[in-house]
Amino acid sequence: MSDAGATATLPFMEHVPPPAEELALLDRELARLDARRSQLLVRRAWLVSVLSRPAVPPTPPYAAPPGPSPDRPPVPFAAPPGVSGTPAGQRGVRNVLLTLGGLLLTVAAIAFTLVSWGEMGIAGRSAVLAVVTFAALGVPAVLLRRGLPATAESVAALASVLMVLDAYALHRVAVPDADGPGFAAVASAVLAALWAGYGLLLDRLRLPLPLAVVSAQFPLLLWAWSAGAGASAFGWALLVTAAMDGVIALRGKSLEVQVTACTGCWMTGPVGLLIGLTLSLTSGTAGAALAPAALLLAGAAVAVSAAWRAPTGFAVGGGVVAGWCTVAAVGGVLRAGQPWGWSVLAYLLCGLALSAVVRAPLPRRVGQGVVWSSASVVAAAVLTSLPPVVLSLTGAVSQLARVWAGAPDGGARGALGAADLAWSRMGSAPVVLLLVAVLAAAAHRWWTRAVRIVGATPGPAWRGVAGAVAVVLGWAGLTVTPAVLGLSYAAAVAVWLLLVVALFAGAVRALRRGNGAVGTAALVCGLVGAGSTGLLSLAAEATTYAVFGVLLVVSGAVAVVIGDVAASAARNRPAAPTVRAARREDVLHIAQAVAACGAVACATVLALAAGASLGLDAHRAAPVVLVVPALTVLVGAWLRGRPPALAVEAAGAVAAVVAVGMAVPDRAFLALVLALCGVLAAGTALRPERRPVAGYAATTLFVLAAWLRLSASGVLAPEAYTLPVTVPALVVGELRRRRDPEASSWTAYGAGLAATLVPSLFAAWSDPDWPRPLLLGTAALVITLLGARLRLQALLLIGGAVLALDAVHELAPYVVQVVDALPRWVPPALAGVLLLVVGATYEQRLRDARRLKEALGRMR
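Residues numbered from 1 in each chain as written. Predicted model: local features only at pLDDT ≥ 70, side-chain atom pairs only at ≥ 80, totals over all residues. Heavy atoms only, no water.

Novice: It is not clear to me how the overall build of the protein should be interpreted in this structure. Could you clarify?
Specialist: Looking only at helices and strands, the protein has 33 helices and zero strands in total. Per-residue burial over the protein gives 37% buried out of 860 residues. Accessible surface for the protein amounts to roughly 47200 Å². Of this, 71% is attributable to carbon and sulfur atoms. (Helix = DSSP H or I, 4+ residues; strand = E, 2+ residues; numbered from the N terminus. Buried < 20%, exposed > 50% of the residue type's maximum accessible area, 1.4 Å probe, protein only. Areas by Shrake-Rupley, 256 points an atom, 1.4 Å probe, with all protein chains shown as cover.)

Novice: Sorry if this is basic, but what is going on with the packing of helix α12 (residues 312-335) against helix α14 (residues 364-395) here?
Specialist: Packed helices, taken two at a time, are described by the angle between their axes plus the distance between the axes. Between α12 and α14, the shortest axis-to-axis distance is 7 Å and the interhelical angle comes to 45°. Viewed along their axes, α12 and α14 adopt a mutual orientation that is oblique. Judged by the sense of rotation from one axis to the other, the crossing of α12 with α14 is right-handed. Within the contact between the two elements, α12 uses T312, A315, V316, G319, V320, G323, W324 and V327 and α14 uses R365, V366, Q368, G369, V370, W372, S373, S376 and V377. When grouped by side-chain class, the residues that make up the contact of α12 with α14 number nine nonpolar, seven polar and one charged. (Axes fitted to C-alpha atoms, helices over the stretch in contact; angles between N-to-C directions. Parallel < 35°, antiparallel > 145°, perpendicular 65-115°, else oblique. Left-handed = near helix turned anticlockwise from the far one by under 90°. Contact = heavy atoms within 4.5 Å. Nonpolar A, V, L, I, M, F, W, Y, C, P; charged D, E, K, R; others polar.)

Novice: What exactly am I supposed to notice about the nonpolar core here?
Specialist: One broad trend across soluble globular proteins is that nonpolar side chains are buried collectively. Counting residues in hydrophobic clusters, the biggest one holds 87 residues, and the most contacted among them are L348, L536, L551, V558, I562, L588 and V673. Here this core takes twelve residues from helix α19 (residues 489-512), the largest share from any one element. The residues touching L348, leaving out its near neighbours within four places in the chain, are V378, A381, V432, L435 and V436. Core analysis: the next-biggest nonpolar cluster, separate from the first, contains 13 residues, Y749, I783, L792 and V802 among them. (Core = buried A, V, L, I, M, F, W, Y, C linked by side-chain atoms within 4.5 Å.)

Novice: Please clarify how the packing of helix α9 (residues 231-251) against helix α11 (residues 290-309) should be interpreted in this entry.
Specialist: Packing of α9 against α11 brings their axes to within 10 Å, and their N-to-C directions diverge by 5°. In terms of orientation, α9 and α11 fall into the roughly parallel class. Between α9 and α11, the contacting residues are G235, W236, L239, A243, L250 and R251 on the first element and A294, L295, A298, G299, V302, A306 and R309 on the second. Grouping the constituent residues of the contact of α9 with α11 by class yields nine nonpolar, two polar and two charged.

Novice: Can you walk me through a nonpolar patch on the surface in this structure?
Specialist: Residues L274, L277, L281 and W340 make up a contiguous nonpolar surface patch of about 380 Å² in total accessible area. If you tally residues by element for the nonpolar patch, the top one is helix α10 (residues 255-281), at three residues. Relative to the helices and strands, L277 resides in helix α10. (Patch = residues over 30% accessible without salt bridge, like charges linked within 9 Å, V, L, I, M, F, W, Y side chains within 5 Å. Salt bridge = Lys/Arg side-chain N within 4 Å of Asp/Glu carboxyl O.)

Novice: Can you help me understand unusual backbone geometry in this one?
Specialist: Excluding glycine, residues mostly carry a negative phi; peptide bonds, for their part, are mostly trans. Not every positive phi belongs to a glycine, and W404 is a case in point at roughly 55°. When its relative accessible area of 25% is taken as the criterion, W404 is described as partly exposed. Its identity as a non-glycine residue notwithstanding, R791 has a phi of 55°, on the positive side. Take R791: it is sitting in the loop between α30 (771-790) and α31 (793-821). R791 gets classed as partly exposed once you look at its relative accessible area, which sits at 42%.

Novice: When you look at the pattern of salt bridges in this model, what are you seeing that I'm missing?
Specialist: For side chains of opposite charge, pairing can occur when their charged atoms come near one another. The final tally for this structure, using the stated rule, is six salt bridges. Residues E649 and R690 are paired through a salt bridge, measuring 2.6 Å at the closest nitrogen-oxygen approach. Of this pair, E649 sits in helix α25 (residues 644-663) while R690 sits in the loop between α26 (667-685) and α27 (691-712), placing them 41 residues apart in sequence. The partner of E689 in a salt bridge is R687, with the nearest N and O atoms 3.1 Å apart. Via salt bridges that share partners, E649, R687, E689 and R690 belong to a single interconnected network.

Novice: I tried to follow α11 on my own but got confused; where do I start?
Specialist: Structural remark: α-helix, 3.6 residues per turn; residues separated by three or four positions point the same way. Helix length check: α11 (20 residues) gives 30 Å between terminal C-alpha atoms against 28 Å at 1.5 Å per residue, within 8%. Inspection of α11 places P292, A293, L295, L296, A298, G299, A300, A303 and A307 among the buried residues, and these make up the whole buried set. (Expected span 1.5 Å × (residues − 1).)

Novice: Would you mind showing me how to read the side chain of S215 here?
Specialist: Within the secondary structure layout, S215 lies in helix α7 (residues 208-215). We classify S215 as buried; its relative accessible area is 7%.

Novice: It is not clear to me how the confidence of the model for the protein should be interpreted in this structure. Could you clarify?
Specialist: Reading fine detail from the predicted coordinates is not recommended where pLDDT is low. Confidence along the protein averages 80 in pLDDT terms, with 85% of residues attaining 70 or more. Per-element averaging of pLDDT across the protein places helix α1 (residues 3-9) at the bottom with 41 and α25 at the top with 91. Within the model, pLDDT remains below 50 along residues 1-14, and this stretch shows two contacts once partners closer than five positions in the same chain are excluded. Contacts from residues 55-90, a stretch scored under 50 in pLDDT, to residues over four places away or in other chains number 32 contacts. (pLDDT = per-residue confidence, 0-100.)

Novice: How should I be thinking about the environment of G516 in this particular structure?
Specialist: With respect to the helices and strands, G516 occurs in helix α20 (residues 516-536). With 52 residues separating them along the chain, G516 and G464 place their C-alpha atoms 7.8 Å apart.

Novice: Help me understand α31, please; the structure alone is not making it clear to me.
Specialist: Here α31 spans 40 Å end to end across 29 residues, near enough to the 42 Å set by a 1.5 Å rise per residue. Along its length, α31 reaches its greatest deviation from straightness, about 45°, at L811, and the proline P813 lies no more than four positions downstream. Residues of α31 that are buried: Q793, A794, L795, L796, I798, G799, V802 and D806. (Bend = angle between axes of the 7 residues up to and from the residue.)

Written as structure tokens, this is what we have:
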């Protein structure tokens, strides 16, 4: 299409203004719209203020604003932009003025009552009280009729303060000998009634009714104080006050009254219940615990009554409080006179029985609160019983200080290093833990019936949680049983070992059935128990061999069985596997790897024990420990491609590190151990999937072993031994590079260069003469230049590093002399200048470093 045709088909394009002109038009239009919006907002605010004052006739919308007059405020519709005339600002100023005026009048009234009261006679006092009080109480009614509610609130607040001052003055003049708390109780009750009546009479005032609620908090409490009552009476006073607050909160008409009543209820009720709980816990007999129990049961009744009509959140909270009070009341009577350890069992039974209350005709939210309270009581009982379990598991660590010293005195308690503890007070711990474990197991077994009994609707995942809780608590209860019963050392080890075997068997069974939560819990508990049992067995040599032998067999068997289960799951995997199936396979693989690592750990301990039994020193026993990594290399080759292979080999590597650490005190044995580790790494490198890592590890280990062997033999000229190795290695590397030009220079030349340069560098650093450093520096310079010329990364970096370190060694004495000759301020100044230069050229330095990195990366 031609340009003329296009212009003819789009004639409207001729009327579009240029972009700059169109932008200016849009800006002007947006500014006009903003100004119009501001005017409309001002008009709206004025209309809202007019509607809030019914005594003033409203102005019709968009009518002409009348002129200002003393009776009617000016209409702000025509106010220019930027002028502040909003009614909200006027109301804020008015409230501030009214508040300040009320405060000044209140201060004046207080000063008059406290200072000038005694200067007037009885007639004057009566006249002042009558006139001021009745005037302050009557003025708000007049102000409300004239449409001044804020002023009426200020005057009503002043009247309230005057009524309190009148009560104080009445006590000082009319009944000066009256008991202070008793008079205060009567006065607070009278003031609460007067303020309530006054607030109901003038229902537009918001202050009197909340003041009545606040004043109603004190009569019963002050009465108990004046009567010299005990703690129980104070508890009842607070509880009755909280009940009254609850009624007011539920039946109050205004939000202010409801909030005040709720605040009072949550302040007085918990304090009263806390008093009852304290009395119940300190009761020595069942008869003495009845009175606190009655108080707590009354609190439960109040909580249920309040929760019956309360909103959802408050209803659940009321159910929780009611459940706690019931457990505390009944449990306090049952536990009276019993040691605290067995008191926990009494509260636990009450908490479990509380779940039966859910079947009562209660609102659903209240029943949920009762269920939560029952669960919290059970959780508290379990937490209270856990310290003996932690002590049993961690106490076995004490055997590390007395390995193979014989069976300890004191049986199981002595083996745990806690023979002096009062285990009799912890007798309820296994009972509590096992009881909760049995109930959790029953809930897991008969899940549908348990859910129907409780009345809740938990998800299916909670069934697995119940089973896991049963496993953990059952294991914890049986773990602490030997120490609580005072069994012998051999019996304790046997119980713990059987428990570990049972846990591993249960883990396998649960994982086979697809119950991941139970299987994982059993496996974790079995591993923790195996560690504690192994530590406990270190007290005797025979026990160590027996325990770790059994653990080795059991761990290996678990790994094999779980591997079969994982293989079966992989064979039966559907074409489109679900998330649950994939998660099950992951759990099986992790469990198999953990069991295999546990078997390797047990084998390592047995190897260490064999070295100790043979009477070998630590460095001489290191080759014995290397038997375990050798076996893991064979097992890893057998498990090639299977998930646990890497875990087994990693555990074997850890055992090899242990052997190397044992050989550190003797350099000759350390060289031997490193060479053997190199052999194992080389054997692992025969497998293609392990070659990238194991090959470099084998080379490094062989080189380190050679260096240490030379050092242990007292060789002062290592070049005589390293050059015969370096030259053939470099020749082989050159042949490899010619056959494969893409081969890395590190693979071809790295090991050969390091075999000579690194030992020579160490020798040069300890050589006081100059020929060796000079020759080494020359060789390193030549290698560095060759690396730069041939673009070989290994030659450049190894030669450069050796050259730099050799130069540092040679120049260090002169640098030290120069630094000592310089003033003290010169080095910091030079460092500061260097930082300034680097900071000023920071971006350039980053680009240089990036180019250097790229250049090195392009090298072979």
